[in-house]
Amino acid sequence: MSALGRVIGGLLLAIVTLGVARADPYVGALFDAHLHYNDEAFATYPLPDVLARMQRAGVRAILANSRPNDGTKSLAAARAQTAAAGVTIVPFVRLYRNRADYTGWFADETIYSMVLDELARGTAAGPYRGLGEFHLYDSANANGPVAAKLMRLAQNRGLAVLAHVDDPAIDLLLAHAPKARLIWAHTGISGAPVERVRELMRRHPTLLGELSYRPGLTDADGHLSAPWKALFAEFPTRFLLGSDTWVNARWSEYESLMQAARIWLGDLPPATAQRIAWRNAADLFELAEPK
Ligand SMILES: [Zn+2]
């Protein structure tokens, strides 16, 4: 064989080996730790339909929140249907009654009262387990009076918080309540560098990262990128999966979103994949293994 032939042969072998080395997708249970069932979804995606989507996707528990809170309550109240679908509902109090609340909640005392009322009322699936998702488009608003009060409330009552914020707000929010369990929605949708995520994870032991919409998580082929694989190896207990069904289009693609996650989860050691897919969120909310 010529030298060139050997090089080509070697390349072919490398390509074949790479192809074979790709692991199978993760097939275990999923916990969707970022799910909205907002009022505009009800007509197109009624409750039996969304539960069927979860069931087909292998989702066995959801962190449920909605604008307003009616969608979460309807999921929580459907005890027989959720049990039949094998889906456990973990309800969160959303801070928004309507879209206008997105931009001023952090200084709006009526939001704080609404949250207290909701917590007192609870849901048919049990007490609320957290607050959010909330958004801060300007990180400085993490120091708004109601944002600070809600963080302290979460810490005092053992509630988790789901926050869609940029990385500077993580330090600010946790300064109000250093022991609060803060789920960073999208682990920074603006794509904070992996090194910055690592630094925050090291600094804040109660910080968790949810992974929907996370830039750079996967390569163009849908497989896990090397920097994120290394981050998960360092913090296998700190990341969660989510769909973020914030608009109806996300419901239409719900099963393919979850299948896409199964592909990159398959690139991880099985125990780490199972942690991110299910166990980290299940541990956070003390859920038993799904049957
Ligand atoms: Zn969301």
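Right, let's walk through the structure included here.

Rules behind the numbers
Residues numbered from 1 in each chain as written. Predicted model: local features only at pLDDT ≥ 70, side-chain atom pairs only at ≥ 80, totals over all residues. Heavy atoms only, no water. Patch = residues over 30% accessible without salt bridge, like charges linked within 9 Å, V, L, I, M, F, W, Y side chains within 5 Å. Areas by Shrake-Rupley, 256 points an atom, 1.4 Å probe, with all protein chains shown as cover. Salt bridge = Lys/Arg side-chain N within 4 Å of Asp/Glu carboxyl O. Helix = DSSP H or I, 4+ residues; strand = E, 2+ residues; numbered from the N terminus. Buried < 20%, exposed > 50% of the residue type's maximum accessible area, 1.4 Å probe, protein only. Pairing = 2+ DSSP bridges. Contact = heavy atoms within 4.5 Å. Axes fitted to C-alpha atoms, helices over the stretch in contact; angles between N-to-C directions. Lys, Arg positive; Asp, Glu negative; His and termini not counted. Polar contact = N/O pair within 3.5 Å; in protein donor to acceptor, adjacent residues only side chain to side chain.

**Some details on a nonpolar patch on the surface**
Part 1 of the reasoning: On the surface, Ile189, Tyr213 and Trp246 cluster together into a nonpolar patch covering about 280 Å² of accessible area.
Part 2 of the reasoning: Inspection of the secondary structure assignment puts Ile189 in the loop between strand E6 (181-184) and helix H8 (194-203).
Part 3 of the reasoning: Relative accessible area serves as the criterion here: at 32%, Ile189 is assigned to the partly exposed category.

**Some points on the pattern of salt bridges**
Part 1 of the reasoning: Taken as a whole and assessed by the stated rule, the structure comprises 23 salt bridges.
Part 2 of the reasoning: Between Lys73 and Glu118 there is a salt bridge whose closest N-O contact spans 3.0 Å. Of the two residues, Lys73 sits in helix H3 (residues 70-77) while Glu118 sits in helix H5 (residues 109-121), which places them 45 residues apart along the sequence.
Part 3 of the reasoning: For Glu118, a relative accessible area of 7% gives the class buried.
Part 4 of the reasoning: Among the salt bridges present, the one from Arg203 reaches Glu199, with a minimum N-O distance of 2.5 Å. With a gap of four residues between them, Arg203 and Glu199 both fall in helix H8, about one helical turn apart.
Part 5 of the reasoning: Its relative accessible area of 35% is what places Glu199 among the partly exposed residues.
Part 6 of the reasoning: Taken together, the shared-partner salt bridges in this structure form one network comprising Asp167, Asp171, Arg196, Glu199 and Arg203.

**Considerations on the sheet that holds strand E1 (residues 30-36)**
Part 1 of the reasoning: Pairing is parallel across the open sheet formed by eight strands, whose spatial order is E1-E2-E3-E4-E5-E6-E7-E8. In the strand order of this sheet, the two ends are held by E1 and strand E8 (239-240), each with one partner.
Part 2 of the reasoning: Running at roughly 145 degrees to strand E7 (residues 207-210), H8 makes contact with E6, E7 and E8 of the sheet.

**Remarks on the side chain of Asp32**
Part 1 of the reasoning: Within the element layout of this structure, Asp32 appears in strand E1.
Part 2 of the reasoning: Despite its burial, Asp32 remains without a salt bridge, the nearest opposite charge being carried by Arg250 at 8.5 Å.
Part 3 of the reasoning: Among the polar contacts made by the side chain of Asp32, one reaches the main-chain amide nitrogen of His34 at a distance of 3.1 Å.
Part 4 of the reasoning: A polar side-chain atom of Asp32 sits 2.7 Å from a polar atom in the side chain of Tyr254.
Part 5 of the reasoning: Setting aside its immediate chain neighbours within four residues, Asp32 contacts Val59, Ala61, Ile62, Leu63, Leu241, Gly242, Ser243, Tyr254 and Met258.

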